[in-house]
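Notes for the structure review
In case you want the letters, here they are:
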Amino acid sequence: MIDINDLQKIYRMGDVEVRALDGVTLDIQKGEFLGIMGASGSGKTTLLHMLGLLDEPTSGNIIIDGTDIGRLSDYEKTMFRLYKLGYVFQDYALVPDLTVMENVSLPAMLRKDRDEEQIKNDSASILKKIGLYERQDHLPRELSGGQQQRVSIARAMVNKPDILFADEPCANLDSESSRVVLELFKEINEDFNQTIVMVSHEDWHKDYFHRIVRLKDGKVISDGFNGKDKKAA
Amino acid sequence: MGKKELKVAFLLALRSLQRGSRSSVILTILIIGMCFTNMVFLPGLFNGIGQSITKQIVDYETGNVMVNPKTGEQYVTDLDALLDRINSMPGVERATPHYTKAATVKYRDRVLGVSVRAIKPGDEKFVSPLYTKMVSGSYLGEDDTGEVIIGKPIAGDPTIKRADENQASLGGVRVGDSITLEYGGIVREYRVKGIYYTGWYSADTTMYTTWSDMEQVEGKALDKAEYITVKIKPGYSEKFIKNELQQYGVSEDVQTMSDLLEKSMGRALQSFAIINAVSLFVGVIITTVVLFIVITIKTLNSRKQIGILKAIGVDKEVIMHNFGLQVIILAILGIAFGVIMTFLLSIYMAYNPVVTPEWSATLYLTPMDYVTNCLILFLASVVAGYVPAYQVSREDIQSAMRA
């Protein structure tokens, strides 16, 4: 589903060159719940941003469902994100002036293949799934951190994306809320065979992942299933 | 951009205004409203001054059309025949003659130099509203002799000392008092029949007597006039009457009020137009800059959110129109506020005009003035809003999200 080939990202700050990603090569299969783990500065968020079309690599390529995303125009990338991808951010990133329902419906409202009835039904259905249907008219500031993150997940899921990306979604949550959010990801993965790529630096999160890729200094240092890491070749 | 994108942009714009900083929204609307008022107030006031002066000149000086002596002559002669001819023309409401003589007026210890204007009171009523401006006593009768009506500034106020007066007066003449007028050796006693106040300096510093009385002063029938003023009937243009008079063989110097105004006020009107243009330009610049700053701050504060919206698949056009529509909504509300404020101001000024010794003015704005200024301000607002919106919507996702 996702082929990553020799991905490099180099930041230049004056004469200093920082290799945020240094030759990452990976395959991600449909239905996987993949965890990208590593210490701070290891390149995991940079990799997620490349996969989510939020940033461009210095070299290498990413092919998603047969599409080389490096060849897409700016507008095509926007449409690719809208139709194919879902994104959950560390700080929830909800639009503060929109209600829960409006936030969740927003990406669906832009899709040309959805009518109003379908948008309403899909949004209501996903809100029921995350247990916040009753709070659909509330503003984000009226919700707890955990609830806001669940709304963020609902927003990412409303368009039924091919791949769901999550960038340290539990970083701002207490352990109980984190567990609720992770359970939700697990449920989504199991119920809808949803491909999920999630960045985390919390070691206990690995119990939820099918597969874990560990990064260090921009390189894959291990890649394995069910916590059984194999050293990268 | 499709209907769906526009709908999302409108939803984002509306919610941002509804649920964002209320004080910022109110202040922006106030600023736009004030800018609108600033743009229309000065031109409106100048228009009002122009209208007021024009009306007073028509009412007390020229009428709609003025017939002056031929070039090189001092008086319009063969007056009765000329008046008959003019009054018989279609479109002429009434023509009335004026004859002015310089005099010295004495009242108790006060002595003043004045102009005494002879009029035919009955005809004058058709041409000038002077008869409606009596503040005490009454207007002249057709055959009155030995009676005058005088302007309030000449009559004076007995409570004000001579040293404190803005202009010399008779120190408090009242209706029924006797005054003495001396016309170059001819001395006559007059009774003050009425005191008027028009607000037009030239009229208020003149004394009026009847044509019959002036004939006694001159000692003969007056078949000449210094000038004739003509009032036209509704539906006729001044130019039409002027042409008609000339075609009917009136060989005197015939000029419309517009001709005279152009000669006497042309430069002043040009100056007003320049000031109006400067005022409009400054108003538009202020509005544009203020809105540009407001929207720039708003977009800069929303950079992270803009990055997020782009990340979830919202196109940059939608983001740009979101901010653009916010400005459009703010501009519409601000302009509406400005229109209401200006309208209320014009009502207030209708009851409390700006009064000077020479004229009084209200705010004079035509519907076209409102429409033009609304459109100019709206366009300025849209430009001021869309420029920062365009800039920020082009920013790459990473930079925006890091903000």
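As the structure is a computational prediction, the values presented were derived from the model and not from experiment. (Residues numbered from 1 in each chain as written. Chains lettered and ligands numbered in written order. Predicted model: local features only at pLDDT ≥ 70, side-chain atom pairs only at ≥ 80, totals over all residues.)

For the rest of this paragraph, the subject is the domain arrangement of chain B. The assigned domain composition of chain B is domain 1 (3–57 + 264–402) and domain 2 (70–251). Taking only C-alpha atoms into account, the centre of domain 1 of chain B sits 51 Å from that of domain 2 of chain B. (Domains from an automatic or database assignment.)

For the rest of this paragraph, the subject is the environment of Met214 of chain B. All names here are of chain B. Within the fold, Met214 resides in helix α7 (residues 211–218). Classification of Met214 as partly exposed rests on a count of 19 C-beta atoms within 10 Å. When the C-alpha positions of Met214 and Gln74 are compared, they lie 17 Å apart, and in sequence the two are 140 residues distant. Other than its neighbours up to four places away in sequence, Met214 contacts Tyr99, Lys101, Ala118, Thr209 and Leu222. (Helix = DSSP H or I, 4+ residues; strand = E, 2+ residues; numbered from the N terminus. Buried ≥ 20, exposed ≤ 12 C-beta atoms within 10 Å, placed from the backbone. Contact = placed C-beta atoms within 7 Å.)

Another aspect to go through is unusual backbone geometry. It is generally the case that most residues other than glycine have a negative phi and that most peptide bonds are trans. Residues and elements named next belong to chain A. Located in the positive-phi region is Leu53, a residue other than glycine, with phi close to 60 degrees. In this fold, Leu53 is placed in the loop between α1 (44–51) and β4 (59–64). Overall, Leu53 belongs to the buried group, with 24 C-beta atoms counted inside 10 Å. Of note in this structure, Asp65 is not a glycine but carries a positive phi near 50 degrees. Along the chain, the position of Asp65 falls in the loop between β4 and β5 (67–68). Assessed through the 13 C-beta atoms surrounding it within 10 Å, Asp65 is described here as partly exposed.

Counting from both sides, the interface comprises 19 residues of chain A and, opposite them, 18 residues of chain B. Per element, the largest residue contribution to the side of chain A that touches chain B is 4 residues, and it comes from helix α2 (residues 74–84) of chain A. Counted by class, the side of chain A that touches chain B contains 13 nonpolar, 1 polar and 5 charged residues. (Nonpolar A, V, L, I, M, F, W, Y, C, P; charged D, E, K, R; others polar.)

Attention now moves to helix α3 (residues 100–109) of chain A. Along α3 of chain A, 9 of the 10 residues are buried, which leaves the element largely enclosed by surrounding structure. Within the sequence span of α3 of chain A, burial applies to Val100, Met101, Glu102, Asn103, Val104, Ser105, Leu106, Pro107 and Ala108 of chain A.

All names here are of chain A. One can find Tyr92 in the loop between β6 (85–88) and α3. In the structure, Tyr92 is positioned 80 residues away from Asn172 in sequence and 9.0 Å away in space, judged by C-alpha atoms. For Tyr92, the contacting residues outside a window of four places in its chain are Gln148, Gln149 and Ser152.

Once that is clear, we can look at the sheet that holds β5 of chain A. All names here are of chain A. One open sheet accounts for 4 strands, arranged β2-β1-β4-β5; its pairing is antiparallel. Lying at the two open borders of the sheet, with one neighbouring strand each, are β2 (16–28) and β5. Of the strand pairs in this sheet, β4 and β5 are connected by 2 bridges, and their pairing is antiparallel. For Ile63, the partnering residue across the bridge sits in β5 and is Asp68. (Pairing = 2+ DSSP bridges.)

Let us now look at the sheet that holds strand β10 (residues 219–225) of chain A. All names here are of chain A. Strand order in the open sheet formed by 6 strands is β6-β7-β8-β3-β9-β10, and the pairing between neighbours is mixed. Two strands bound the open sheet, and with one partner strand each, they are β6 and β10. Taken pair by pair, the neighbouring strands of this sheet meet at an average axis angle of 15 degrees, ignoring direction. Across 5 bridges, the pairing between strand β7 (residues 163–167) and strand β8 (residues 195–200) is parallel. When the sheet's bridge partners are listed, Ile163 is paired in β8 with Thr195. (Axes fitted to C-alpha atoms, helices over the stretch in contact; angles between N-to-C directions.)

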